[in-house]
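Spelled out, the chains give:
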Amino acid sequence: MRYALYFTPPEHDPLSRAAAHWLGRDPFSGTTLPISPAEGFSVGELADLTADPQRYGFHATMKAPFSLAADCREGQLVDALGRFCGKTPSFTIPSVVIGQLGRFFALVPEHPFTRLQAFAAEIVEAFEPYRAPLSDADVARRKPETLSETQRANLVRWGYPYVMDEFRFHMTLTGPVKTEQAAAMRDLLNSRFADFVGRPLSISGLALYVEKERGTPFTIHSWLPLSGA
């Protein structure tokens, strides 16, 4: 079993519902949902394009999937999450937009936001004692030869390359999209998520996701509000 600390809005938030229907799965309940057809894409194409983010569930990575340290139990992790959320104030990203990172699309902040970077770093550090060291196979899966020197150092120190100064908040909506389909996908996502694009996003809680066995879908074990939310 692996655990991950992700940001996602509350279960019944309109963005959570829209994302669940877009990806075809609700990580709160584990329910599979039908994917709606769209102009320019067949249902099969959309299912393929959303297969990877569907497995993880709608989220922004705060602490990437990890196995528990040998001397830790799930209850200790859950208690630590409760303490962290109880003392950490909620805040709001001023505006989010559909962005393209490489070949995949995600919901991202319209502009860099210092509080968000600090929040992510706090989570990585606070929950490090609960993470088991990566196995050699886990390190190899990250293809360290393709990473920058800073990213490799992060992988060794924190178990994930894209933390601290390398962190970029993103809520993934697709897997890799072909170049010739990218413009159509951007238009489709701006349409499907029109109620949320260019608007604030409240960082009101933190979710503990679980992967019961490697390769199986992640589901939400618990979602806890931040202080003041």
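Structure: above.
How would you summarise the sheet that holds strand 6 (residues 104-109) if you had to cite specific residues and measurements?
Reading across from one edge, 7-6-5-8 is the order of the four strands in this open sheet, with antiparallel pairing throughout. In this open sheet, the two edge strands, each paired with only one partner strand, are strand 7 (171-172) and strand 8 (199-203). Summarising the sheet, strand 5 (residues 91-101) and strand 6 pair through six bridges and their orientation is antiparallel. Looking at the pairing, V96 lines up with P109 of strand 6. Strands strand 5, strand 6 and strand 8 of the sheet are contacted by helix 5 (residues 114-126), whose axis makes an angle of about 90° with strand 5. Along the sheet, helix 8 (residues 182-192) makes contact with strand 5 and strand 6, crossing strand 5 at roughly 155°.

Can you tell me about the packing of aromatic side chains, naming the residues and giving the values?
Under the counting rule described, the total for this entry stands at twelve aromatic pairs. Between Y3 and F66, the ring centres sit 6.5 Å apart and the planes meet at 40°, which makes this aromatic pair tilted. One end of the pair, Y3, is in strand 1 (residues 2-7); the other, F66, is in strand 4 (residues 60-66), with 63 residues separating them in the sequence. Accessibility assignment for this pair places Y3 and F66 in one class, buried. On the basis of an interplanar angle of 75° and a centroid distance of 6.4 Å, the ring pair of W22 and F193 is categorised as edge-to-face. Here W22, found in helix 1 (residues 14-23), pairs with F193, found in the loop between helix 8 and strand 8; they are 171 residues apart in sequence, far enough to count as distant. Following the ring pairs from residue to residue traces out a cluster consisting of Y6, Y56, Y209 and F218. The ring of Y56 has R55 sitting right over it, with the charged end atom 4.5 Å from the ring centre.

Please give an account of the nonpolar core that cites residues and values.
Ranked by size, the top nonpolar core spans 53 residues in total, and within it M62, F169 and M185 carry the most contacts. No other element matches helix 4 (residues 74-87), which puts five residues into this core. Look past the residues within four positions of F169 in its chain and what remains in contact with it is F7, A60, M62, I93, L107, V108, P109, L116, L201 and I203. Membership of the second largest hydrophobic core comes to eight residues, among which are Y6, Y56, A207 and I220.

Pulling in residues and values, what's your account of the state of the cysteines?
Disulfides are covalent bonds that link the sulfur atoms of two cysteine residues. Here the structure, examined in full by the defined rule, presents zero disulfides. No disulfide involves C72; its nearest neighbouring cysteine sulfur is the one of C85, lying 17 Å away. A relative accessible area of 10% places C72 in the buried class. For C85, a relative accessible area of 1% translates into the label buried.

Conventions we followed
- Residues numbered from 1 in each chain as written.
- Predicted model: local features only at pLDDT ≥ 70, side-chain atom pairs only at ≥ 80, totals over all residues.
- Heavy atoms only, no water.
- Pairing = 2+ DSSP bridges.
- Helix = DSSP H or I, 4+ residues; strand = E, 2+ residues; numbered from the N terminus.
- Contact = heavy atoms within 4.5 Å.
- Axes fitted to C-alpha atoms, helices over the stretch in contact; angles between N-to-C directions.
- Phe/Tyr/Trp six-rings, centres within 6.5 Å; stacked < 30°, edge-to-face > 60°.
- Buried < 20%, exposed > 50% of the residue type's maximum accessible area, 1.4 Å probe, protein only.
- Lys NZ or Arg CZ within 6 Å of the ring centre and 35° of its normal.
- Core = buried A, V, L, I, M, F, W, Y, C linked by side-chain atoms within 4.5 Å.
- Disulfide = S-S within 2.5 Å.

These figures capture arrangement, not role.
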